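# Analysis of the macromolecular model
Okay, here's what each chain looks like letter by letter:
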Amino acid sequence: MDLEEQSVIVTGGSSGIGKAMAERFIEEGADVVIGDIDVESGQEVAEEIGAEFVECDVSDYEQVENLVEKAVEENGKLDCMVNNAGIGSVKNIEEMEIEDYHSTISVDLDGVMYGCKAATPHLKETEGCIINIASIYGLVGDIGSTAYNAAKGGVVNLTRSVADDLAQYNIRVNSICPGFVDTPMTDEALKDGDFKDHVLNNTPLGRVAQPEEIAGVAVFLASEEASYITGVNLPVDGGWTSH
Ligand code: NAP
């Protein structure tokens with residue numbers, strides 16, 4: 001898929017799915033700016049894969065605006081905003097402190113909305129696109145992750161609403177809803193045998209995904225091949241939501 005000279009921002013691009021997406025966009029010819037809260041790893045990854053790095057906490061709107069401005073300064077335009085940065089939260093409604101809830105929502109939902117809002121003026125100029133990284137937990141519930149699931153449910157309907165708002169400018173807005181992916185976010189949890197059984201028993205393909213399997217879908221959604229796809233929350237989940 002040819003993304004030659006496309007200007008792409010990937011938030012949370014220092015690790016896991018974000019890193020795999022940044023790398024794949026570059027392989028397809030895009031110029032990528034990674035925005036991440038983790039400066040050390042962000043700079044290291046950017047150097048390794050040939051991206052630029054801007055420090056950014058996506059829960060702070062001014063920092064997201066700054067990330068977008070820096071990317072436009074660097075590459076002259078913005079074609080694709082990938083709102084990927086996120087944090088896990090593994091507490092049920094009884095265990096969860098109110099502060100946990102707000103901090104999860106501020107990164108996993110507010111951060112995505114900030115990315116959509118800050119990118120819009122620039123995407124209007126390029127008729128570009130937005131890709132949000134939601135989750136199967138935006139489409140279905142499960143035990144033990146109240147705040148995370150609430151945030152991802154928000155991302156799913158935010159994606160539909162922003163797609164409706166921006167269709168008039170020919171800006172496409174979609175989300176990817178991954179099942180379990182082998183990244184630092186899930187590393188610890190998947191070491192727990194009972195939890196791993198829960199995951200594998202609920203995944204018809206019987207395995208977790210590799211980050212590259214999400215990256216390929218992001219590249220497709222950003223490409224001309226997806227020119228008539230907008231407002232979609234696409235499960236990439238080994239069948240988790242099919243049963
Ligand atoms: P990851 O390996 O932990 O990567 C997330 C990256 O985002 C890290 O570099 C992290 O930095 C950064 N980050 C955290 N908070 C941030 C903030 N406030 N501002 C900017 N950057 C921030 O996680 P991942 O598994 O690749 O997850 C990427 C996205 O996919 C998330 O939205 C996640 O919810 C979603 N997702 C993941 C899975 C899965 O199974 N892995 C499944 C469905 C959806 P630090 O390392 O310093 O925190």
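Our structure's up above, just so we're on the same page.
First things first, this report covers the structure right here in the doc. Treat the numbers as computed from the prediction; the structure is a model and nothing was measured. (Residues numbered from 1 in each chain as written. Predicted model: local features only at pLDDT ≥ 70, side-chain atom pairs only at ≥ 80, totals over all residues. Heavy atoms only, no water.)

### Focus: the site of the ligand
Of all residues adjacent to the ligand, which total 29 residues, the nearest are S15, N84, Y148, V181 and T183. Note that an oxygen atom of the ligand is positioned 2.7 Å from one of the backbone N or O atoms of V181. Across the complex, the protein chains shield 88% of the 890 Å² of accessible surface that the ligand would expose by itself. Of all the cavities here, the one that holds the ligand is the largest pocket. Elements represented by at least two residues in the shell around the ligand include exactly α1 (16-27), α5 (146-166) and α6 (184-187). Within the shell around the ligand, the residues separate by chemical class into 15 nonpolar, 10 polar and 4 charged. (Near = heavy atom within 4 Å. Polar contact = N/O pair within 3.5 Å; in protein donor to acceptor, adjacent residues only side chain to side chain. Areas by Shrake-Rupley, 256 points an atom, 1.4 Å probe, with all protein chains shown as cover. 1 Å grid on protein atoms, 1.4 Å probe; cavity = no way out; pocket = protein on both sides within 12 Å on 5 of 7 lines; lining within 4 Å. Sits in = over half its atoms within 2 Å of the grid points. Helix = DSSP H or I, 4+ residues; strand = E, 2+ residues; numbered from the N terminus. Nonpolar A, V, L, I, M, F, W, Y, C, P; charged D, E, K, R; others polar.)

### Examining the layout of surface pockets
Roughly 1,000 Å³ of internal volume is contained in the largest pocket. Looking at the largest pocket, it is lined by 42 residues, and the ones nearest its centre are G86, I87, G88, Y148 and M185. Within the residue set of the lining of the largest pocket, elements represented by two or more residues are α1, α5, α6 and α7 (193-201). Broken down by class, the residue content of the lining of the largest pocket amounts to 21 nonpolar, 16 polar and 5 charged. By volume, the second largest pocket amounts to about 320 Å³. Taken together, 17 residues make up the lining of the second largest pocket; nearest its centre are E127, R172, A222, S223 and E224. Tallied by class, the residues present in the lining of the second largest pocket amount to 5 nonpolar, 6 polar and 6 charged. (Points joined across faces, edges and corners; volume = space filled by probe spheres on them.)

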